[in-house]
Amino acid sequence: MLDLKIELSANRKAKPADETKLGFGKIFTDHMFVMDYDQENGWHDAKIVPFGPVPMSPAMTCLHYSQEVFEGMKAYRAPDGSIKLFRPEENFKRLNVSCDRICIPQFDEAFALHALVELLKIDADWVPHTDGASLYIRPFIIGTEDALGAHASTTYKFFIIMSPSGAYYATGLNPVKIYVETKYVRAVQGGTGFAKTGGNYAASLKAQDVAEEEGYSQVLWLDGVEHKYVSEVGAMNVFFVLGDEVVTPELDGSILAGITRKSVVELLKSWGYRVSERRLSIDELVKAYQDGKLKEAFGTGTAAVISPIGELKYKDLVMEINHNEIGELSQKLYDNLTGIQWGKLPDPFGWSYDVK
Ligand code: PLP
Ligand code: COI
């Protein structure tokens, strides 16, 4: 395994005074992880250093052609004071899948997890102690070559930065309003939808802006070819309870393979629910709503956790779901998932990872 150098900060910042008012991703811990890549040495010079600005050339590839990939994960404070991660191996595995799509060289997943654990041990005091707050972790890799030709960079930097954060939506677990996007598209099969890369989010900003202007939290994307099949929401995968079936769109290459999504499917199956990963058209969804079969809808994601959807707007039709209240299944999933993540419930699946 690579060597990990450590340079501790001489100027520790004050911790946030009120952990109920953290917001999301606005405050950063004292340290960060950085590692370099070049063709001669591969990944090398791995180190933990004080969090701060990095020298940057205005010519570097990531700034011009979005050669960037990232992950989102969280560290949780358990009741006994220890720190837990949730399925962290899955995040580093997915980061390498994203790297492959964006022509970024593969890295050693076990080493990345080791580096994260060391970083967490150094900044352990930054993991919030307040209910609902956690330490959001953002690993990311950027192309750093000075080159304006549109080709893959020959040099890269891998970072991990961390931010004590509260709920992603200001509404917390209360239902969100989602707008079904009919004009813009996020991804197509053969594109980069399954990769967690900055460009996907740049492509989604316009629709997000329009939705927010109309009072909606995020958009529900439809497929990029026919505008017919339900895909995912801005920062989460999506589930619908249709009668006695729980449906989530299948992973067709245009959708991010969410780790929360995968965990929710496994939880639901273990409870005996009929879960389908399949194509779901917006017409089927509207029909289910009109027939009274659309019982609940919710999004899943690391930042968003379980987010009940109380209102879905498609063209002129405003669908109120479950009287705009937190559904029974959404609540049960939220309680069980967060229970495992925070170490408050038994972990029969072995998803929790102890930082020690
Ligand atoms: N879909 C998109 C576009 C996302 O940004 C996220 C968040 O990472 C998800 C889905 C949910 O993925 P996960 O559950 O792994 O956080
Ligand atoms: C996540 O990490 O859950 C994200 O969705 C990333 C970001 C868009 C908040």
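Preceding this paragraph is the structure being described.
From a predicted model like this one, the values you see are computed outputs, not experimental measurements.

Draft legend 1. Quick look at the overall build of the protein. Secondary structure assignment for the protein yields seven helices and 18 strands. For 356 residues, the compact-globule estimate of 2.2 N^0.38 gives 21 Å, and the C-alpha radius of gyration of the protein, at 21 Å, lies within 12% of that figure. C-alpha extents for the protein along the principal axes are approximately 60 × 50 × 35 Å. Residues counted as buried form 52% of the 356 residues belonging to the protein. Excluding contacts between residues fewer than 6 apart, the proportion of contacts in the protein whose partners are at least 24 apart in sequence is 70%. Element-wise, carbon and sulfur atoms account for 51% of the exposed surface of the protein, whose accessible area totals about 15700 Å². In the protein, the 37 positive side-chain charges and the 49 negative ones have mean positions that sit 2 Å from each other.

Draft legend 2. Quick peek at the site of ligand 2. All residues in the neighbourhood of ligand 2 are listed as F24, G72, Y136, R138, Y168, K196, Y201, A235, T302 and A303. Y136 has a polar side-chain atom sitting 2.4 Å from an oxygen atom of ligand 2. Here an oxygen atom of ligand 2 and a backbone polar atom of A235 are 3.4 Å apart. Isolated, ligand 2 exposes 280 Å² of accessible area, and the fraction of that covered by the protein chains is 89%. Within the shell around ligand 2, the residues separate by chemical class into six nonpolar, two polar and two charged. Taken together, domain 1 (4-165) and domain 2 (176-341) each give at least three residues to the shell around ligand 2, which thus spans both.

Draft legend 3. A look at the pairing of strand 16 (residues 305-314). With ten of its ten residues buried, strand 16 lies for the most part within the structure. Judged from the four bridges that link them, strand 9 (residues 176-180) and strand 16 form a sheet pairing that is parallel. When the sheet's bridge partners are listed, I178 is paired in strand 16 with L312. When strand 15 (residues 294-301) meets strand 16, the two strands line up antiparallel, connected through four bridges.

Draft legend 4. Structural view of unusual backbone geometry. Phi at D45 is positive, roughly 50°, even though this residue is not glycine. Here D45 falls in the partly exposed class, since its relative accessible area comes to 29%. Positive phi is not limited to glycine here, since H323 has a value of about 55°. The topology assignment puts H323 in the loop between strand 17 (317-320) and helix 7 (328-341).

Draft legend 5. Examining the nonpolar core more closely. With 36 residues, the main nonpolar core has F33, F92, I141 and F158 as its most contacted residues. Not counting residues within four places of it along the chain, the set of residues in contact with F158 comprises F33, V34, M35, W43, F92, L95, F107, A112, P139, F140 and I141.

Draft legend 6. Geometry of the side chain of N237. On the secondary structure map, N237 appears in strand 12 (residues 237-242). Reaching out from N237, the side chain makes a polar contact with the backbone oxygen of L256 at a distance of 2.9 Å. If sequence neighbours within four positions are ignored, N237 has contacts with E232, I255, L256, G258, R261, F298, G299 and T300.

Draft legend 7. Highlighting the site of ligand 1. Neighbouring ligand 1 are 16 residues, the closest being K196, Y201, E232, T260 and T302. One of the side-chain nitrogen or oxygen atoms of R94 is found 2.8 Å away from an oxygen atom of ligand 1. Taken by itself ligand 1 offers 380 Å² of open surface, and the protein chains cover 97% of this. Among the elements of the structure, helix 5 (259-270) and strand 15 are those that each provide at least two residues to the shell around ligand 1. In terms of residue class, the shell around ligand 1 is built from five nonpolar, seven polar and four charged.

Cut-offs and rules
- Residues numbered from 1 in each chain as written.
- Chains lettered and ligands numbered in written order.
- Predicted model: local features only at pLDDT ≥ 70, side-chain atom pairs only at ≥ 80, totals over all residues.
- Heavy atoms only, no water.
- Helix = DSSP H or I, 4+ residues; strand = E, 2+ residues; numbered from the N terminus.
- Rg over C-alpha atoms; globule rule 2.2 N^0.38 Å.
- Buried < 20%, exposed > 50% of the residue type's maximum accessible area, 1.4 Å probe, protein only.
- Contact = heavy atoms within 4.5 Å.
- Areas by Shrake-Rupley, 256 points an atom, 1.4 Å probe, with all protein chains shown as cover.
- Lys, Arg positive; Asp, Glu negative; His and termini not counted.
- Charge placed at Lys NZ, Arg CZ, Asp CG, Glu CD.
- Near = heavy atom within 4 Å.
- Polar contact = N/O pair within 3.5 Å; in protein donor to acceptor, adjacent residues only side chain to side chain.
- Nonpolar A, V, L, I, M, F, W, Y, C, P; charged D, E, K, R; others polar.
- Domains from an automatic or database assignment.
- Pairing = 2+ DSSP bridges.
- Core = buried A, V, L, I, M, F, W, Y, C linked by side-chain atoms within 4.5 Å.

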